[in-house]
Structure formats: C-alpha cells, structure tokens
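# Breakdown of the fold
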Amino acid sequence: MRPERLAAQRGFTLIEVLVALVIVAIALGAGIKAAGALTDNAERLRSISSAQWCADNQLNELRLNKQFPSIGDSEFSCEQLGHVFKGNLVVRATPNANLRRVDAVVSDPDNGHRLVLSAIMGRY
C-alpha cells in the first residue's frame, strides 16, 4: 500500500465519534440519576429514623412515669437533629382491662412522612 492511502484510513469517522459521545452521555446521565436517588434515600432514612426516636421517647416517657395511661388522644412535638416533628399519642382500650394500646403517630410536616409506633402498656 502507498503511504497516502494509509494516512487516509487512520482515525475515526464523524459517525463513530458521535455514537461514542451519545453512549458516554447516556452513561453519565444514568450515574447522575443514581446518585440523586441515593441522596434522596439517605434524607428519607434520616427523617424516618428521627421520627422513630421521637415516638420511642414518648413511649419510654410513659413507661418511666409508671402511670396507667388514660384513654384518649394527646399532642406532642419533638426535635431531633434540628428538625421539629409533630405527633399524637393515641391511647385505646384493649379487651384486657389491665392493658392499653398506645400508638405514637409522628408526622414530618416538611416532607409528609408519617410513622406509627405501637406499644401495649400494662397497669403497674
């Protein structure tokens, strides 16, 4: 072969370069979307964990008071990790008169997450 012909055959065509750029762009887009999903999941986990701590604290406070909870609803608020949660304690009767069901319902007004933690409290 002649040297002029070898020089003409080297390199990529414009179509090949464009196809490679499209493949790289799609891969980068998928990576950015996955990173965004991980960030959202981490924030959701932080919010749900904080709400669970609030509910746990309310139920533990009832246990530590060693008083049989009266039937009815009451509101509370709680701050965890710099975030304020609103909640309700819902106390209901059970078939056994010595036991009460207590639900701590915690809501996050910012992103709408809601958590319910239930416990059975006995007469001390």
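Above this text sits the structure in question.
For every chain, the first residue of the written sequence is number 1, and numbering continues from 1 onward in sequence order. With the structure being a predicted model, the display of local features is reserved for residues of pLDDT at least 70 and the display and counting of side-chain atom pairs for 80 or more, all residues being used for whole-chain, interface and lining totals. Working from all heavy atoms in the structure, the side-chain values ignore hydrogens and water.

Let us look at the sheet that holds strand 1 (residues 72–80). Think of it this way: DSSP has to see at least two bridges between two strands before they count as a pair. For helices the rule is a DSSP run of H or I covering at least 4 residues; for strands it is a run of E covering at least 2, with both sets numbered from the N terminus onward. Strand order in the open sheet formed by four strands is 1-2-3-4, and the pairing between neighbours is antiparallel. In this open sheet, the two edge strands, each paired with only one partner strand, are strand 1 and strand 4 (114–122). The average angle at which neighbouring strand axes cross in this sheet is 25 degrees, direction not considered. Bridge analysis of strand 3 (residues 99–107) against strand 4 gives nine bridges, and the strand direction is antiparallel. A fitted line through C-alpha atoms represents every axis, and for helices the fit uses only the stretch in contact; the resulting angles, taken between N-to-C directions, go from 0 to 180 degrees.

The disulfide criterion used throughout: a pair of cysteine sulfur atoms within 2.5 Å. On inspection of all chains with the given rule, the structure shows one disulfide. What pairs with Cys54 in a disulfide is Cys78, and their sulfur atoms sit 2.2 Å apart. The sign of the -80 degrees torsion about the S-S bond sets the Cys54-Cys78 disulfide as left-handed. Taken together, the positions of Cys54 in helix 2 (residues 14–65) and Cys78 in strand 1 put the pair 24 residues apart, joining distant regions of the chain. Neither residue differs from the other here; Cys54 and Cys78 are each classed as buried. Relative accessibility under 20% of the residue-type maximum defines a buried residue, over 50% an exposed one, and the middle range a partly exposed one, all with a 1.4 Å probe and only protein chains included.

When a protein is soluble and globular, its nonpolar side chains tend to lie buried together. Leu59, Leu89, Val102, Val106 and Met121 are the most contacted members of the largest nonpolar core, which has 16 residues in total. Looking at which element gives the most residues to this core, the answer is helix 2, with five residues. Setting aside chain neighbours within four positions, we find Leu89 in contact with Gln58, Leu59, Leu62, Gly72, Asp73, Ser74, Phe76, Val102, Asp103 and Ala104. Note on terminology: a nonpolar core comprises buried Ala, Val, Leu, Ile, Met, Phe, Trp, Tyr and Cys residues joined through side-chain atoms within 4.5 Å. The contact definition used throughout considers only heavy atoms, calling two residues in contact when any of these lie within 4.5 Å.

As a further point, take the side chain of Gln58. Here Gln58 shows up in helix 2. The exposure class assigned to Gln58 is buried, which follows from its relative accessible area of 14%.

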